[in-house]
Amino acid sequence: METMKKYIKILIVGVLFAGTYTSCSDDFTDVEPIGLINEADFLTTDAEAESVIFGIYDLMAWNYNRPWNSAFFLKVLAGDCANAGSTSGDQPPLQQIDDFNQVSDNPAITGVWEGYYKTIGLANVLIEKLEVSDLGTKDKFIAEAKFLRAYSYFELVTLFGGVPLRVETPQTVEEFGLPRSTKREVYVQIEADLSVAIAGLPSKGSIAQSFRISKEAAQAVLGKVYLFQEKYDLASKEFEKVITSNSYDLEPNFKDVWNSEGEHGIESLIELSYVSTEKYDWGNFPWGGRPESNIHAQLMGPRGGVFEVEAIGIANGWGFNIPTAKIGMAFEDAGDTVRKEATVISEADLVSAGGAVNPPDVGIHDYEGYVRLKYVTKSEDTDGPINELNYGINWRLLRYADVLLMAAESYHKNNEDAKALIELNKVRSRAGLADVTALGSDLFDAIVLERQLELAFEGQRFFDLVRWGLADGELSGEGYQSKNQLFPIPQNEISRNTLIEPEDQNPGY
Amino acid sequence: MKIQVLKSVFILGILLLGTFAHAQSISGTVSDASGPLPGASVLVIGTNNGVVTDFDGKFILEEVNTDAVLQVSYVGFATQEVAVNGRSSIAIVLIEDANSLDEVVVVGYGTKKKSLVTGAISSIKSEDIQNNASTRVEQAMQGKVAGISVLSNSGSPGAGAKIRIRGTGSNGNADPIYIVDGMKTYSIDNIASGDIASVEVLKDAASSAIYGTEGANGVVIITTKSGNNYGKPVISYNSLFGVQSERSSMKLMNESQYRTYLEEAGVQTIASNGVNTNWLNEVFEDAWMEKHHLSFAGGTEKSTYLLSGSYTNQDGIVGGSRANFKRYTVRLNSKHKINKWLEVGNNLSYSNTERGLIGEDDEYRGILNNALLMDPMTPVTYTDGVPSKVSDLVNDGKTILKDKHGNYYGLPAYVTGEIANPLSMLTVQKNKLKTDKILGSFFANVSPVKGLLITTRLGIDVNYSLRHSWNPIYYVSSERQNSLTTVEDDITKNSSWLWENFATYKNSYEKHNYTFLLGLSAEKYQSPNFSLFSGPMAKEGDNYAYHDFTQDDALDRVGGTFVERKKRSSFGRFSYDFDGRYLLEGTLRYDVSSAFSEKNKGAYFPSLSAGWVVSKENFWNEESAVDYFKFRASWGQVGSDQNLLGNEALQFFTSEGIKVPDGQGGFLPGYEAANIPNEDLTWETSEQLDLGIDLRAFDGKLRFSTDYYDKKTKDLIVSGNSLIPLSVGRGYGNINGGTVSNKGWEFELGYNDKVGEFNYGINLNLSTLKNEVTSLAVDAPIDGVDVRGFTTTRFEQGQPIWYFRGYKTDGIDDATGKPIIVDVDGSGDITPNDITNIGSPHPDLFYGGQFNMSYKSFDFNLNFQGTQGSEIYMLWTRTDRAYSNKPAFLYDGRWTGPGSNASFPMADVESDDLYRSDLMVGDGSYMRIKQIQFGYSLPENILAKMRLDKLRFSISIEDYFTFTKYEGLDPEAGSTNNMSQGIDRGVYPIPGKIIFGLSLSL
């Protein structure tokens, strides 16, 4: 027994020795990550910093084009030009937004909230990393990132009011909670970011790619930010800088603004790019991912089986974002044929052009006699193999016409009606309409109408009505109540953000 | 490094061997009726001189007096005293102790007598697995033992199943690991059931702790058959074949009910068109299946072998041959004694499977989903005359699908959107999954001294899978069409090796019996994946579905990624018993995994268990009807790294899928910051307490076991993305976010007896389960699956894991016919805040049983299995498609006016009050007769004339009768998605089968 014990000991020692031996060779269990670049090796060159800027643009493009949950739908459907469309039970989240009965767990609202904060989150990373980096050219990238951050916060503050103001990346779970800031605090940050952006961004003539932000575009956004805060004097000064820079102008023909040839054209200050060349088909379209084509065209094309629109060069789609009678009649009442022809077509005009409307027995949900033409499924905007999935229409987020109208409004509010008329009539004259000469509140009404017609389906109307205090009157037919001036903070944010409580929700939700 | 480990183990072994080979001694063998008995104790009475037998039942004792008496004992056998009488070689045959019929169970890295087991281990024998039509081992395990739930993912041929041992203990992957002949694998779908000798399920933490960081969800040990050293070689052939058919009692609205319902719902008044298609009848068909297994087994004193092959072929009751599953397997298990101290061998299998995939578990485009939703007014095909809307589409250049007779398939008469004629959609399913798998192990056992066994074992698991599909052109509607032929391939090649070295030393001292186990292992897993895509095809057809022959290079796409995991471990176990009466065991494992972060590189997993065999005490009345009575208790901690990705503590940037158009037809690549790093991330730890009793009575005829367990999975890995506020704007990888508790009781009862030539047996098992998320790091629920744009399941503190969300109703308002929604938050209005827990997919109780009897040449088996208390959320209905068909119960039970005493609201095609409410949650409890089988074996005298050992014929009906209140296709509404359990999107029901069997051996 004694010898046996000895050998057992030897054995145990031997096994333990071998165990220790393997334990020392830690490298056996190290595995390199696949396809990822460690931050230690990144942001050391211009190209790397710029690639993150492109990443931010890509997030913006995604947020405005996320199938079913896009910022585009959220902003447009809230207005009085568009109904949700399709069939009544289709995409309840969008139907809710259109009918102003949205609730806080509406996935489309949650998705848009997420989209803006993702854009901000990446901008924050880039700003933080560059601020401590010794990259010589870092200032211009910081300027651009700050613009993109400010733009996202501006959209958020108009949609939701005061939001959590996150300007740096939290590193631990404890830092994830952040209370809502006041609207004022958010605006202060936006103004600060924009002023850095304006100082560091190149002028329109020097931007590296057509989709990049110019100094003038940042000035226009700053003007808009002032306008929304009713700082009319400051606003008009910014718009004036843009106008006098002569960097931008109106496209001579209104309908050309949305042509593919007109992409990033003379009138476009901020534009998100999509392409028709990705050759998506039904099997590989990234519904949950980041399509490079503009899928909204298909989602909002006139519904197949109901609208025969081939005769006017349009393909069928899935029927969302269908015009209200109100916008159609607004064009007719204003005698605005140029813009109407590029924006909506009435059923009668469609039929006389060789099209048809074949309503099913139940009728066409949300249909009020007009078919939308702005951002419509134009056959020339797509390419194979599957036309439905490859529309390349760009979203125009800020146009020079909008700048002119905002300038007019700022001048008017700043008691400079003469200057206001000049800018307003530039826009009217392009539309083939007579100059406005009215002053005072009549001038203001003219500006209100002009914005309605010029910017229909561009996601401006709702926010204009709210800031003008006209939403109660204009939107009451749509189901609007005063609580709807802001969207609800997503339920998801309230339940996960430890510093936002249910009582911090916007009133009425 | 690996070489070093092997060297040290071998050198040590050889060293020890050399010393002992020269000792003077008497030698002998201890065996029982079936062969040598390893581990029996041999003691020279009156001395401390004793040994245990080696794995061949051999022993050598030194310095034994010629007049000495040896005491030979082994648990479960009557102890013998044998006089040496001057012999130098003694053969001892032990007789089983009639009072304690005992079995050996396989445990981690060894075997153990069941009477000495201190953990909770359930065993399933080979005959229970192979004698039925199940094509996968998991299915055959269903209902056989307590504590294990087996939930089929689907009833389609070749579909997998989820095994949950003692509840769902993880938010992500909660599958157990499978140890097949020592090799770890994550799937056992490729093992022929005829190859299996036994299945052991390690349920408690003390049993599974030896598997450390992979044992948290339980361990299933599968031992395959081997040849026999003794007797003549055996050739066996088993065949089962038969017909499968649909057995669901689900009813959809017929044409007139459908029209009435739509009219009452205010959708449309539709006139009859003379068509009344029952889509369920149309989509289901009877389907063939067969299983064959042939084996050759035998051996000599030095070597044993088992060579087997099997073939399985099963068509689908939906899709027929398009859903076909075929599997071929071959196996070679062999073992060779090289010399007195060395034995080598292998267990090696190769399998090849091919599975036709049809769309399933999809609320938009699944075949069954569409069969449920299709309006009954659409004809299957247009046999007399094609309506103008179809001819218009054909004239317009659209491809309308035709059946084999050349008739156009019916296009939806009323229903809209992507919903299509399921029979036409079956014709465009061109999706096949092929796999080749090699799973096996090679081993050497070195026995340098008596009682010591050193094993080195290399396991390999190589899986090559190819999913190949192509897409034909067709048109149903603008939402359901394909206008470009494309070819897709997805190729994955997983391979892993596991190298283990362990030593077991077993000995006794007087009545003290002890065993040590010490071991080391290292493993590596690699999985490259490639995807290929191209189009259009030169011509439609399987023969053209290859990328060289597609025509537009601009459509070509490739993708690919790579996953690698590595681990090294040390483990040990100490087992002790005093006279088979007091039992004690402890284990410890240390793991270092590539998935762990720098901060938490290594993990220890301990366990401790004890048993007290009360029936061995002196005070136990020998006359008692109870022959054996054991208390056992165990505690342990086990881990799971299955849901860790590795490298989650570093900040990375990624460019995957990020690009912006440059305005000139190209793209500029973009980068994004990947997840916010989490340095503190660690593995999931499951801590479990188990208390149990094992009892045998009436001379072993009655067996009973019961266990109570309390299992807590701590540091539950949850996706940080699902917990952090969206306003962080960044991804956050995994976090250790919560605790899940599973508690329950398990009972297993068996009785076997024989009256003359009549043998009978009954086995029953029953388990209870209470599953609850007991804490969450962030006070916020985690959203699970989304159905039609809304969150449907949730992971939330105080609730069962992935419970159902919806509106709670309190009857139907008799005045309005609308559901009365419960104002859960008391706000006075019904808002989304009133959405609450309306059900759980987890049963409170599950059970199974087997009856078997035989009389002379006849035998009979009955197996059943069921669950109680689970719920199913019927979510295949489409509120956004007003014209989609609905279940008949919505029609039968609807409110038609005041006083209708309705169970369902007035006709309604879109309201959330109905379709997102508990009105659509059904009781998922069911009891299924898994098998009724009659067998007839030819009697010996006839067999002898035929020179056969055995010839048995059988007929059985399987999965044929299901008792349930659930009004969907199948109460086993499975899903491959963990978060989607119990969500019925139109499941592929489990077919009933009528099976003929033939089994012969010679």
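Residues numbered from 1 in each chain as written. Chains lettered and ligands numbered in written order. Predicted model: local features only at pLDDT ≥ 70, side-chain atom pairs only at ≥ 80, totals over all residues.

## Here we look at the overall build of chain B
Consideration 1: Helix and strand counts for chain B stand at twelve helices and 57 strands.
Consideration 2: Computed over the C-alpha atoms, the radius of gyration of chain B is 31 Å, within 12% of the 30 Å expected from 2.2 N^0.38 for a compact globule of 1002 residues.
Consideration 3: The C-alpha extent of chain B, read off along each of the three principal axes, is 105 × 70 × 65 Å.
Consideration 4: The burial tally for chain B puts 52% of its 1002 residues in the buried class.
Consideration 5: Summarising the internal contacts of chain B: among those between residues at least 6 apart in sequence, 70% fall at separations of at least 24. (Helix = DSSP H or I, 4+ residues; strand = E, 2+ residues; numbered from the N terminus. Rg over C-alpha atoms; globule rule 2.2 N^0.38 Å. Buried ≥ 20, exposed ≤ 12 C-beta atoms within 10 Å, placed from the backbone. Contact = placed C-beta atoms within 7 Å.)

## Observations concerning the overall build of chain A
Consideration 1: Assigned secondary structure in chain A consists of 19 helices and nine strands.
Consideration 2: With respect to the principal axes defined by its C-alpha atoms, chain A has extents near 115 × 55 × 45 Å.
Consideration 3: When burial is assessed residue by residue, chain A has 57% of its 509 residues classed as buried.
Consideration 4: Long-range pairs, those at least 24 residues apart, make up 67% of the contacts in chain A between residues at least 6 apart in sequence.

## Some remarks on the interface of chain B and chain A
Consideration 1: Listed per partner, the contact involves 80 residues of chain B and 88 residues of chain A.
Consideration 2: At eight residues, strand E29 (residues 557–578) of chain B tops the list of elements feeding residues into the side of chain B that touches chain A.

## Here we look at helix H9 (residues 232–245) of chain A
Residues and elements named next belong to chain A.
Consideration 1: Taking 1.5 Å of rise per residue, the 14 residues of H9 would be expected to cover 20 Å, and the 20 Å separating its terminal C-alpha atoms lies within 8% of that figure.
Consideration 2: For H9, the set of buried residues is Ala-235, Ser-236, Glu-238, Phe-239, Val-242 and Ile-243. Along the long axis of H9, the arc covered by the buried residues comes to 160°, so they all point the same way.
Consideration 3: Against the buried residues of H9 lie helix H8 (215–228) and helix H14 (400–413).
Consideration 4: Following H9 by one or two positions, Asn-246 adopts a phi angle in the positive range, close to 55°. (Expected span 1.5 Å × (residues − 1). Arc of directions from axis to C-beta.)

## Side note on the environment of Tyr328(B)
All names here are of chain B.
Consideration 1: Mapping Tyr-328 onto the fold places it in strand E21 (residues 320–339).
Consideration 2: Tyr-328 gets classed as partly exposed once you count the C-beta atoms within 10 Å, which come to 17.
Consideration 3: Along the backbone, Tyr-328 and Ser-272 are 56 residues apart, and their C-alpha atoms lie at a distance of 51 Å.
Consideration 4: If we ignore the near neighbours within four places in the chain, the residues touching Tyr-328 are Tyr-311, Ser-351 and Asn-352.

## Brief notes about the packing of helix H15 (residues 417–430) of chain A against helix H16 (residues 440–454) of chain A
All names here are of chain A.
Consideration 1: One can describe the packing of H15 onto H16 by two numbers: an axis separation of 11 Å at closest approach and a directional angle of 25°. Between H15 and H16, the interaxial angle falls into the category roughly parallel. Every pair of crossing elements has a handedness; the one defined by H15 and H16 is left-handed. In contact with Asp-417, Ala-420, Leu-424, Val-427 and Arg-428 of H15, H16 contributes Leu-443, Ala-446, Ile-447, Glu-450 and Glu-454.
Consideration 2: Grouping the constituent residues of the contact of H15 with H16 by class yields six nonpolar, no polar and four charged. (Axes fitted to C-alpha atoms, helices over the stretch in contact; angles between N-to-C directions. Parallel < 35°, antiparallel > 145°, perpendicular 65-115°, else oblique. Left-handed = near helix turned anticlockwise from the far one by under 90°. Nonpolar A, V, L, I, M, F, W, Y, C, P; charged D, E, K, R; others polar.)

## Focus: the sheet that holds strand E4 (residues 50–52) of chain B
Residue and element names in this part refer to chain B.
Consideration 1: Ordered in space as E4-E3-E6-E7, the four strands form an open sheet in which the pairing is antiparallel. Looking at the sheet topology across the chains shown, the edges are occupied by E4 and strand E7 (80–83). Taken pair by pair, the neighbouring strands of this sheet meet at an average axis angle of 20°, ignoring direction.
Consideration 2: As defined by bridge partners, strand E3 (residues 41–44) adjoins strand E6 (residues 69–73) across four bridges and the pair is classed as antiparallel. When the sheet's bridge partners are listed, Leu-43 is paired in E6 with Gln-71. (Pairing = 2+ DSSP bridges.)

## Considerations on the domain arrangement of chain A
All names here are of chain A.
Consideration 1: By the assigned domains, chain A splits into domain 1 (45–201 + 482–509) and domain 2 (296–393).
Consideration 2: A C-alpha centroid distance of 31 Å is found between domain 1 and domain 2.
Consideration 3: Of all the secondary-structure elements, those providing two or more residues to the side of domain 1 that touches domain 2 are helix H3 (71–77) and strand E2 (82–85).
Consideration 4: Tallied by class, residues from the side of domain 1 that touches domain 2 come to eight nonpolar, seven polar and one charged. (Domains from an automatic or database assignment.)

## A look at the packing of helix H7 (residues 183–200) of chain A against H8(A)
The angle between the axes and the distance between the axes are what describe a pair of packed helices.
All names here are of chain A.
Consideration 1: Following both chains from N to C, one finds H7 and H8 inclined at 160°, their axes separated by 9 Å at the closest point. Considering the angle they form, H7 stands roughly antiparallel to H8. Considering only the axes of H7 and H8, their crossing is left-handed. Note on element contacts: H8 touches H7 through Lys-215, Ala-218, Gln-219, Val-221, Leu-222 and Val-225, opposite Tyr-187, Ile-190, Glu-191, Leu-194, Ala-197 and Ile-198.
Consideration 2: Taken together, the residues that form the contact of H7 with H8 break down as nine nonpolar, one polar and two charged.

## Overview of the environment of Ser236(A)
All names here are of chain A.
Consideration 1: Secondary-structure assignment places Ser-236 in helix H9.
Consideration 2: Looking at Ser-236, the number of C-beta atoms within 10 Å reads 27, which means it is buried.
Consideration 3: Sequence separation between Ser-236 and Ala-408 is 172 residues; the distance between their C-alpha atoms is 8.1 Å.
Consideration 4: Discounting chain neighbours no more than four positions away, the residues touching Ser-236 are Ala-407, Ser-410, Tyr-411 and Asn-414.

## Some thoughts on unusual backbone geometry
Generally, phi is negative for residues other than glycine and the peptide bonds are trans, each holding for most cases.
Consideration 1: Note the cis peptide between Gly535(B) and Pro536(B), where omega equals -15°.
Consideration 2: Looking at where Pro536(B) falls in the secondary structure, it is placed in the loop between strand E28 (512–534) and E29.
Consideration 3: Positive phi, close to 60°, is recorded for Asn415(A), a residue that is not glycine.

## Points about the pairing of strand E9 (residues 395–399) of chain A
All names here are of chain A.
Consideration 1: Across the five residues that make up E9, a large majority, five, are buried.
Consideration 2: The pairing of strand E3 (residues 268–272) with E9 spans four bridges and is antiparallel. Bridge pairing links Ile-270 to Leu-398 in E9.

## Section: the nonpolar core
Consideration 1: Grouped together as the largest cluster of nonpolar side chains are 158 residues, with contacts concentrated most on Ile56(A), Phe147(A), Leu194(A), Ala218(A) and Val221(A).
Consideration 2: Per-element tally for this core: the top contributor is helix H6 (residues 138–160) of chain A, with 14 residues.
Consideration 3: Here this core spans two domains, and each of domain 1 (45–201 + 482–509) and domain 2 (296–393) of chain A adds at least three residues to it.
Consideration 4: When residues no more than four places from it in sequence are discounted, the contact partners of Phe147(A) are Asp193(A), Leu194(A), Ala197(A), Leu201(A), Ile213(A) and Ala218(A).
Consideration 5: Formed by 155 residues, the second largest nonpolar core is a distinct cluster that contains Ala146(B), Met425(B), Val728(B) and Val909(B). (Core = buried A, V, L, I, M, F, W, Y, C linked by C-beta atoms within 7 Å.)

## Regarding the sheet that holds strand E49 (residues 836–839) of chain B
Residue and element names in this part refer to chain B.
Consideration 1: Strand order in the open sheet formed by four strands is E42-E45-E46-E49, and the pairing between neighbours is antiparallel. Here the strands that pair on one side only, and so sit at the sheet edges, are strand E42 (782–783) and E49.
Consideration 2: Two elements, E42 and strand E45 (residues 793–795), share two bridges in a ladder whose sense is antiparallel. From the neighbouring strand, Asp-783 faces E45, where its bridge partner is Arg-794.

## Details of H16(A)
Residues and elements named next belong to chain A.
Consideration 1: With 15 residues, H16 ought to run about 21 Å at 1.5 Å a step, and its terminal C-alpha atoms sit 21 Å apart, in line with that.
Consideration 2: When H16 is considered as a whole, its buried residues turn out to be Leu-443, Ala-446, Ile-447, Glu-450, Arg-451, Gln-452, Leu-453 and Glu-454.
Consideration 3: Of the surrounding elements, those touching the buried residues of H16 are helix H11 (325–334), helix H12 (337–343), H14, H15 and helix H17 (461–468).

## Side note on the confidence of the model for chain B
Reading fine detail from the predicted coordinates is not recommended where pLDDT is low.
Residue and element names in this part refer to chain B.
Consideration 1: Residues at a pLDDT of 70 or more form 96% of chain B, whose mean pLDDT is 89.
Consideration 2: When pLDDT is averaged over each element of chain B, helix H10 (residues 888–892) comes out on top at 96 and helix H1 (residues 2–20) at the bottom at 46.
Consideration 3: Here residues 9–23 scores under 50 on pLDDT; set against residues more than four positions off or in separate chains, the count is 19 contacts. (pLDDT = per-residue confidence, 0-100.)

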